[in-house]
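Next come the chains, spelled out residue by residue.
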Amino acid sequence: MSLPIAVPSSKRPAATNSCRVCAPLGSVLAFRGLRGCMPLIHGSQGCATYIRRYLISHFREPMDVASTSFDESATIFGGQSNLAAAIKNLVRQYSPEVIGVCTTCLAETIGEDTVGILREITTADPDLPPIIHVATPSFKGCQYRGFHDTVEAILRATARGGERLPHVNLLPGPVSPADLRHLREIVAAFDLPLLMLPDYSETLDGPSLASYAPIPEGGTPLAEVADAGRATGTLQLGATLADGPGAYLEREHGVPLVKASLPIGVRATDAVLESLAAFAMESAAGTSASAPITPAWLSAERGRLVDAYVDGHKYVSGKRVAVVGDPDLAVGVAGFCAEIGLVPVLVASGALTHRMATALDLLGLAPGSFEVMEDADYDSIGRRVAELKPDLILGPSKAYPTSRALGIPLVRIGFPVHDRIGAGRILHLGYRGTQRLFDEVANALLDHQQDSSEMGYAYQ
Ligand code: SF4
């Protein structure tokens, strides 16, 4: 086993420069992947403002998020009337196909019976659109937890069982819009009908429009989600998820679940493609369709990636790295680093899963060669990075102060990336995303070497 050095936040007096983002933010992100959905945050207005600001600065897209705007009275006596009024206003202004209600720390702390209140509201007005509720207090978890709990809440409210259908459910986790588009492309290459939940590939990275669309086009239709319980199988991405929404579908509707690490690197992408090929075979069973083979363009991308590994090996081999991010992304990227000869010395996350060290061991990282920090803040990560002195950091823009202070180059990945354009278009997944990541890692190391050399660089 490796040596996890997770320091639970309960043992620290305070978080300094938090690495966690709040749970309702993860929930809003997931609800944005449902077609025609308007997220409604039950609690104080500042939470909604913070969440909107954080998401807008990353995705550079408009972000309407409703709030029940608790005041002193609602904080003491409960926000029943606020919730009823908010739903009424929201339906009038946005005409949503579905409303996603997530709760803040405040609503949960006062013990608001949100389920009971919503039952009363929907009973009184049966013409309301479907309302999906998820409890997301940030003292229970961060955006990672809020995201997955919301996906499960959507499935619990919507998925129905019945005769098997040929499609596969893909639960991708909180990846980028570019990642979602690429996953869709990969599954299509296996001629496999797909239900992806959530899908914010268009709602959070859409085209410029002549007029403002308060609820952007795109997302998975709720009517399609209803078929999730009849799928051939579910592919759930994320190495640190204990059960996750896919386990609910398996338990409740008998949909076979395959869990896989995020497809970052050759090995991890090969594994996901093998799972898709198996699902395609299962889906086509009893039809005249031929057995699926890996599509030629994917084989070509794999070949180019392996060639790049060979070309760039001398620049990356033996360099030590620190990886920071959402637990599944951090684990997936650390696995990729090990695959290309980088040495992950620190893998850190603001989330607390108790599973990162095991997931990294399973990916084949040499036991004892790396440290894991869960439930970490950037102050403690920065101090450990200063001690370990890696050659490179891979992480969100919030790792930039550490990178700058210590003169260690930073390759930006994951969420949030607030200090660069194109965060929603960062492709991490598949051979193609790995190729982009590999080039960026190698070039960041070369950049740093040239910048810190007295001679710089000259090509005669
Ligand atoms: S109070 Fe809770 S829900 Fe509101 S912004 Fe802070 S962590 Fe998020």
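Trainee: Explanation requested: the overall build of the chain in the structure shown.
Mentor: On a plain count of helices and strands, the chain comes out with 17 helices and 14 strands. A globule of 460 residues ought to have a C-alpha radius of gyration of about 23 Å, and the chain, at 22 Å, matches this closely. Dimensions of the chain, computed from the C-alpha atoms along their principal axes, are close to 75 × 65 × 50 Å. Only carbon and sulfur atoms are counted for the fraction: they give 53% of the accessible area of the chain, which is about 19,700 Å². Of the charged side chains in the chain, 38 are positive and 49 negative, and the gap between their average positions amounts to 3 Å.

Trainee: Can you walk me through the confidence of the model for the chain in this structure?
Mentor: Any region with low pLDDT has predicted coordinates that should not be read closely. Mean pLDDT for the chain: 93, with 96% of residues reaching 70 or above. Every residue in residues 1-9 is under pLDDT 50, and counting partners more than four places away or in other chains gives 26 contacts.

Trainee: Help me understand the site of the ligand in this model?
Mentor: Looking at the ligand, the residues that line it are Cys22, Pro24, Cys47, Tyr50, Thr104, Cys105 and Ser138. Class assignment of the residues belonging to the shell around the ligand gives a composition of five nonpolar, two polar and no charged.

Trainee: Just to check I follow, could you spell out the side chain of Thr68 for this structure?
Mentor: Residue position: Thr68 is located in the loop between strand 3 (66-67) and helix 3 (72-77). Once residues within four sequence positions are removed from consideration, Thr68 is found in contact with Leu40, Ile41, His42, Gly43, Asn82, Leu83 and Ala86.

Trainee: What is the right way to read unusual backbone geometry from this model?
Mentor: When glycine is set aside, most residues are seen to have a negative phi, and most peptide bonds are trans. Cis peptide bonds are those with omega within 30 degrees of zero, and the linkage from Leu197 to Pro198 qualifies with -5°. Inspection of the secondary structure puts Pro198 in the loop between strand 7 (194-196) and helix 9 (222-225). Note that the residue after Phe415, namely Pro416, is joined by a cis bond; omega there is -5°. Here Pro416 is to be found in the loop between strand 14 (410-412) and helix 17 (430-451). One non-glycine residue with positive phi stands out, namely Asn17, at about 55°. Checked against the element boundaries, Asn17 lands in the loop between strand 1 (3-4) and helix 1 (23-31). In this model, Ser95 sits at a positive phi of 45°, which is unusual for a non-glycine residue. Within the secondary structure, Ser95 sits in the loop between helix 4 (80-94) and strand 4 (98-103).

Trainee: Mind showing me how you'd approach the packing of helix 4 against helix 6 (residues 114-124) here?
Mentor: Relative placement of two packed helices is described by the angle separating their axes and the distance separating the axes. Between helix 4 and helix 6, whose axes approach to 10 Å, the crossing angle comes to 50°. It follows from the interaxial angle that helix 4 and helix 6 lie oblique. Seen from above, helix 4 lies across helix 6 with right-handed handedness. Along its contact with helix 4, which presents Gln80, Leu83, Ala84 and Ile87, the element helix 6 presents Thr114, Ile117, Leu118, Glu120 and Ile121. By residue class, the composition of the contact of helix 4 with helix 6 is six nonpolar, two polar and one charged.

Trainee: I keep staring at the sheet that holds strand 5 (residues 131-134) and nothing clicks. Help me out?
Mentor: Strands in a sheet are paired, the pairing made by backbone hydrogen bonds, and the direction either parallel or antiparallel. Strand order in the open sheet formed by four strands is 3-2-4-5, and the pairing between neighbours is parallel. Edge strands, defined here as strands with exactly one partner in the open sheet, are strand 3 and strand 5. In the packing of helix 4 onto the sheet, the strands contacted are strand 2 (37-42), strand 3, strand 4 and strand 5, and the crossing angle to strand 2 comes to about 155°.

Trainee: I keep staring at the domain arrangement of the chain and nothing clicks. Help me out?
Mentor: One can read the domain layout of the chain as domain 1 (23-141), domain 2 (168-296) and domain 3 (299-451). Each of domain 1 and domain 2 was reduced to a C-alpha centroid, and the two centroids are 27 Å apart. Taken together, the 19 residues of domain 1 in the interface contact 20 residues of domain 2. The junction of domain 1 with domain 2 conceals about 1,500 Å² of combined surface from both sides, 69% of it contributed by carbon and sulfur atoms. Ranking the residues of domain 1 by area buried against domain 2 places Arg32, Arg35 and Glu61 at the top, with a combined share of 32%. Put simply, domain 1 and domain 2 have zero salt bridges between them. Taken together, the connections running from domain 1 to domain 2 amount to six residue pairs in polar contact (both at pLDDT 80 or more). Mapped by element, the contributors of at least two residues to the side of domain 1 that touches domain 2 are helix 1 and strand 2.

Trainee: Any chance you could explain the sheet that holds strand 8 (residues 233-237) here in plain terms?
Mentor: In space, the four strands of this open sheet follow the order 7-6-8-9, with parallel pairing throughout. Edge positions in the sheet fall to strand 7 and strand 9 (257-260), since each of these pairs with one other strand and no more. Between one strand axis and the next, the sheet turns through 20° on average, direction left out of account. Across four bridges, the pairing between strand 6 (residues 168-171) and strand 8 is parallel. Residue pairing in the sheet places Asn169 in a bridge with Thr234 of strand 8. With respect to the sheet, helix 10 (residues 245-253) is in contact with strand 6, strand 8 and strand 9, its orientation differing from that of strand 8 by roughly 160°.

Cut-offs used in this document
- Along each chain, numbering runs from 1 in the same order as the chain's sequence is written.
- Owing to the predicted nature of the model, reporting of local features is limited to residues with pLDDT of at least 70; listing and counting of side-chain atom pairs is limited to 80 or more, with chain, interface and lining totals taken over all residues.
- Think of the side-chain values as coming from all heavy atoms in the structure, minus any hydrogens and water.
- Counting from the N terminus, the helices are DSSP H or I runs at least four residues long and the strands are E runs at least two residues long.
- All radius of gyration figures rest on C-alpha atoms, and the globule criterion is 2.2 Å times the number of residues raised to 0.38.
- Here the accessible surface of atoms and residues is derived via Shrake-Rupley with a 1.4 Å probe, and residues count as covered only by protein chains that are part of the display.
- Counted as positive: Lys and Arg. Counted as negative: Asp and Glu. His and the chain ends are not counted at all.
- For the purpose of locating charges, the reference atoms are NZ of Lys, CZ of Arg, CG of Asp and CD of Glu.
- Every residue gets a pLDDT, meaning the predictor's confidence in that residue, from 0 to 100.
- Note on contacts: a residue pair qualifies if any of its non-hydrogen atoms lie within 4.5 Å across the two residues.
- Throughout this document, a residue counts as near a molecule or strand when at least one of its heavy atoms sits within 4 Å of that molecule or strand.
- Under the grouping applied here, Gly and all other residues not named as nonpolar or charged are polar, the nonpolar ones being Ala, Val, Leu, Ile, Met, Phe, Trp, Tyr, Cys and Pro and the charged ones Asp, Glu, Lys and Arg.
- Fitted lines through C-alpha atoms serve as axes, helices being fitted only where they are in contact, and the angles separating the N-to-C directions of these axes extend from 0 to 180 degrees.
- We call two directions roughly parallel when the angle between them is under 35 degrees, roughly antiparallel when it is over 145, roughly perpendicular when it lies between 65 and 115, and oblique otherwise.
- We call a crossing left-handed when the near helix sits turned anticlockwise from the far one by less than a right angle, and right-handed when that turn is clockwise.
- At least two DSSP bridges between two strands are required for those strands to pair.
- Where each domain begins and ends follows an automated or database-derived domain assignment.
- A simple way to read buried area is as the amount of 1.4 Å-probe accessible surface that goes missing from two parts once joined, with both sides added.
- When a carboxyl oxygen of Asp or Glu is within 4 Å of a side-chain nitrogen of Lys or Arg, the pair counts as a salt bridge.
- Under the rule applied, a polar contact is a pair of N or O atoms within 3.5 Å (in protein, one hydrogen donor and one hydrogen acceptor; residues adjacent in sequence only if both atoms are side-chain atoms).

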